[in-house]
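Structural overview for review
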Protein chains: 2
Amino acid sequence: MIIQGGIVRVQGDEFWHMTKVLRLRTNDRVELFNGKGGLIQGLIQSVDRSGLDFVALEDPKSALPQSTQWHVFAAFGTLKGGRADWLVEKCTELGASSLTPLLTERSPTVSENRLDRLQRVNMAAAKQCQRLHEMILNPPKNINGLLPLVAESKLAFLAVAEGTPLVSALTSSGTESSGFIVVGPEGDFTEKEVNELMQAGAISVGLGPHRLRVETATVALLATLMLWSDSQKTCDTLSHSQG
Amino acid sequence: MIIQGGIVRVQGDEFWHMTKVLRLRTNDRVELFNGKGGLIQGLIQSVDRSGLDFVALEDPKSALPQSTQWHVFAAFGTLKGGRADWLVEKCTELGASSLTPLLTERSPTVSENRLDRLQRVNMAAAKQCQRLHEMILNPPKNINGLLPLVAESKLAFLAVAEGTPLVSALTSSGTESSGFIVVGPEGDFTEKEVNELMQAGAISVGLGPHRLRVETATVALLATLMLWSDSQKTCDTLSHSQG
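Residues numbered from 1 in each chain as written. Chains lettered and ligands numbered in written order. Predicted model: local features only at pLDDT ≥ 70, side-chain atom pairs only at ≥ 80, totals over all residues. Heavy atoms only, no water.

1. Remarks on the pairing of strand 2 (residues 29–33) of chain A
What counts is decided by this rule: Strand pairing is defined by DSSP finding a minimum of two bridges between the two strands. Helix and strand definitions follow DSSP, with helices as H or I runs of at least four residues and strands as E runs of at least two, each counted in order from the N terminus.
Direction of pairing for strand 2 of chain A relative to strand 3 (residues 38–47) of chain A: antiparallel, over a ladder of five bridges. The partner of Phe 33 of chain A across the bridge, within strand 3 of chain A, is Leu 39 of chain A.

See below:
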C-alpha cells in the first residue's frame, strides 16, 4: 500500500509506455491505477535508464464501480482465427462488467488453454484502455445455469434475428443501465434454447438486416447499451443538478 | 442476366458453403444475390460432386438501397496486427454504406498493397453477412478533402474524448438516418484538425469513459448509429401504416 509521499519504482513495459509512447518526463504529473478501482495521483520524481520513480502526492483513492454494469454471456467457444480474442478485447475496451463463455447445444465446450489465453488478452486490453475496474472473465457456464440468472435479472437482452429493434426495446425498457447481454453460437441457439430464455424473461432484440457473426453481434449490442447508459447517466446527473 | 427458368451452375466456395455448411439439398429453395442489389428466387435442381444447378423461379428483382446510409471516414492506415482488416470486416457486416481511409497529420499514408487486401476482406465479409449492397471502399482521402463534404452533409459525427454522449446527441438531432462518421488516428487528431472539422459542422460525440482504439471507436459508433436508425425506421413504418 502506497501512501502520500511514498515512492514506486516503475520498470518494464509500463516504464517504456510512459517514457517512449507518452513521452513523460521528470516532474510530469501522472495517475497510477491497479485495475481494482484504486488510483493514486503523483508525479515522476526521476527517470534513469532502467526505470522511473513515481512519488505519491496524496493517499490512494478508491473509484466506485461504474453505475453502468452490463454482463455479457456469449457462446464464443467455437470461434476460430482470433475471433474469440477479439471479442474479449473489445468487451474489455467497451467496459463490460463481466464476460462469461456460454456453453450451448451447438457450442458445448471451451478448452482450458483457451481460457488462460483469453485472460491474458483481457488484462492487456484493460491496461491499454485504462480501465479502473477490470472486466471479470468468468469460467464457462451452460445454458441451464444461465436460466435462473436471467429470471432474477431486471433486464436481459437476447440477440435474435427477428427481434424488436434494439433501440425500440431500450426506449420502452426505461432507464435501467445494467443487465445481461446474451448472444448465441455460430449456427445459433436451438429453438428450445430460445424458448427457455424467453420464458425466463429475456427480451429478444434484433440487430439489423445482416447476418452478424457472434463477435460482431456481441460488440454491436454491448456498444449500443454502453452508449445508451452513458447518456442516461448524463441525463440523471443533469436532472439532479437542476433539482 | 438470368431470367425465369434460367439455370446457374454453382461451384467452388459457394457450392461448399451451400451444401456442407447450410446442408442444402435438391429441391431446397434458395435466393441468389450479387451484392449490387440484384436478387433472384429459385431452387436447387440437382447436386453432384462438383457443383449444383440452381433454377430461377422468377425474373431477378432489384432491392433498393437501404434508407439508412452511414458513411465512415476513419484514420486507420497505421493500424497493425490485422486491426485494419478487422475494421473493414466489421463496417461491412454492420452495414456501412462506404468506408474511406482518412489521411491525417498523424496518419498520413496507406499503402497500395494494403488497399487491395482490404478490398478482398470487404468482399469476403459482404458474402458472409449476405449484404444485398456491398460497402464501397473508397480510396484514401485527406482531411482537406473531407472538410467540404462535412460542410455539405446533414449530419456528421466526430468521435472525441470529451464530446456529448452519443445517444444524447442523437436524441437532439432528430430522425436523420444517414450521415458521416469521422474517427481520428492513433494519437488522435491534432487540435487544429478537430477545430476545422467542428467549424465545418461536425458534431463531437463521446464514446464513454475508456480510451478506445481506432477500430473499436469506429465500430461502437457505427453499431449504435445503425441500430438507432433501424429503430427509427421501424417507428416510421409503424406511423405510416397507422396513418
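2. Let's talk about the side chain of Asp 85 of chain B
To keep things clear, this is the line we draw: Contacts: residue pairs with any heavy atoms within 4.5 Å of one another.
Inspection of the secondary structure puts Asp 85 of chain B in helix 2 (residues 83–94). Not counting the four nearest positions on each side in its chain, Asp 85 of chain B is found in contact with Arg 117, Leu 118 and Val 121 of chain B.

3. A closer look at the environment of Val 55 of chain B
All names here are of chain B. Turning to its location among the elements, Val 55 is positioned in strand 4 (residues 52–56). Here the alpha-carbon distance between Val 55 and Gly 5, two residues 50 residues apart in the chain, equals 5.9 Å. If sequence neighbours within four positions are ignored, Val 55 has contacts with Gly 5, Gly 6, Ile 7, Gln 41, Gly 42, Leu 43 and Gln 45.

4. A few points about the pattern of salt bridges
Inclusion rule: By salt bridge we mean one thing: a side-chain nitrogen of Lys or Arg within 4 Å of a carboxyl oxygen of Asp or Glu. Categorising residues by exposure relies on relative accessible area from a 1.4 Å probe, with only protein chains included: less than 20% of the type maximum marks a residue as buried, more than 50% marks it as exposed, and the intermediate range marks it as partly exposed.
Evaluated as defined, the whole model comprises 24 salt bridges over all chains. Between Arg 9 of chain B and Asp 53 of chain B there is a salt bridge, with its nearest N and O atoms 3.5 Å apart. With Arg 9 of chain B in strand 1 (residues 7–10) and Asp 53 of chain B in strand 4, this residue pair connects regions lying 44 residues apart in the sequence. Looking at Asp 53 of chain B, the relative accessible area reads 18%, which means it is buried. By sharing partners, the salt bridges in this structure join Arg 83, Arg 213 and Glu 215 of chain A together with Glu 89, Lys 90 and Glu 93 of chain B into a single network.

5. Considerations on the packing of helix 2 of chain B against helix 3 (residues 112–128) of chain B
Residue and element names in this part refer to chain B. Using the following cut-off: Axis angles are defined between N-to-C directions and span 0 to 180 degrees, where every axis is a line fitted to C-alpha atoms and, for a helix, only to the segment in contact. Less than a right angle of anticlockwise turn of the near helix away from the far helix marks a crossing as left-handed, whereas a clockwise turn marks it as right-handed. Note that Gly is not counted as nonpolar here; it falls among the polar residues with everything else outside the nonpolar set of Ala, Val, Leu, Ile, Met, Phe, Trp, Tyr, Cys and Pro and the charged set of Asp, Glu, Lys and Arg.
Two elements in contact, helix 2 and helix 3, have axes separated by 9 Å at closest approach and are oriented at 35°. Crossing geometry of helix 2 relative to helix 3 is assigned as right-handed. Contacts between helix 2 and helix 3 involve Ala 84, Asp 85, Val 88, Glu 89 and Thr 92 from the first element and Arg 114, Arg 117, Leu 118, Val 121, Asn 122, Ala 125 and Ala 126 from the second. Class assignment for the residues of the contact of helix 2 with helix 3 results in six nonpolar, two polar and four charged.

6. Details of the domain arrangement of chain A
Residue and element names in this part refer to chain A. Where we set the bar: The source of the domain bounds is an automatic or database domain assignment. Summed over both partners, the accessible surface that disappears when two parts come together, traced with a 1.4 Å probe, is what is meant by buried area.
The domain boundaries assigned to chain A delineate domain 1 (7–62) and domain 2 (69–237). Of note, the centres of domain 1 and domain 2, computed from C-alpha atoms alone, are 34 Å apart. With eight residues of domain 1 in contact, the opposing surface of domain 2 contributes six residues. Taken together, the two surfaces of domain 1 and domain 2 that pack against each other cover about 620 Å², and 53% of this comes from carbon and sulfur.

7. What about helix 3 of chain B?
Residue and element names in this part refer to chain B. Just so we agree on the cut-off: To estimate the expected span of a helix, subtract one from its residue number and multiply by 1.5 Å. The arc under discussion is defined with respect to the helix axis, by the directions toward the C-beta atoms.
The end-to-end C-alpha distance of helix 3, which contains 17 residues, comes to 25 Å, matching closely the 24 Å that a straight helix rising 1.5 Å per residue would cover. If you check which residues of helix 3 are buried, you get Arg 114, Leu 115, Leu 118, Val 121, Asn 122, Ala 125 and Ala 126. The arc enclosing the buried residues of helix 3, seen along the axis, measures out at 135°, which places them on a common side. Facing away from the buried side of helix 3, by more than 90 degrees, are the exposed residues Glu 112, Asn 113 and Arg 120. In this fold, the buried residues of helix 3 make contact with helix 2, strand 7 (98–103) and strand 8 (136–137). At the exit of helix 3 stands Gln 130, carrying a positive phi of roughly 55°.

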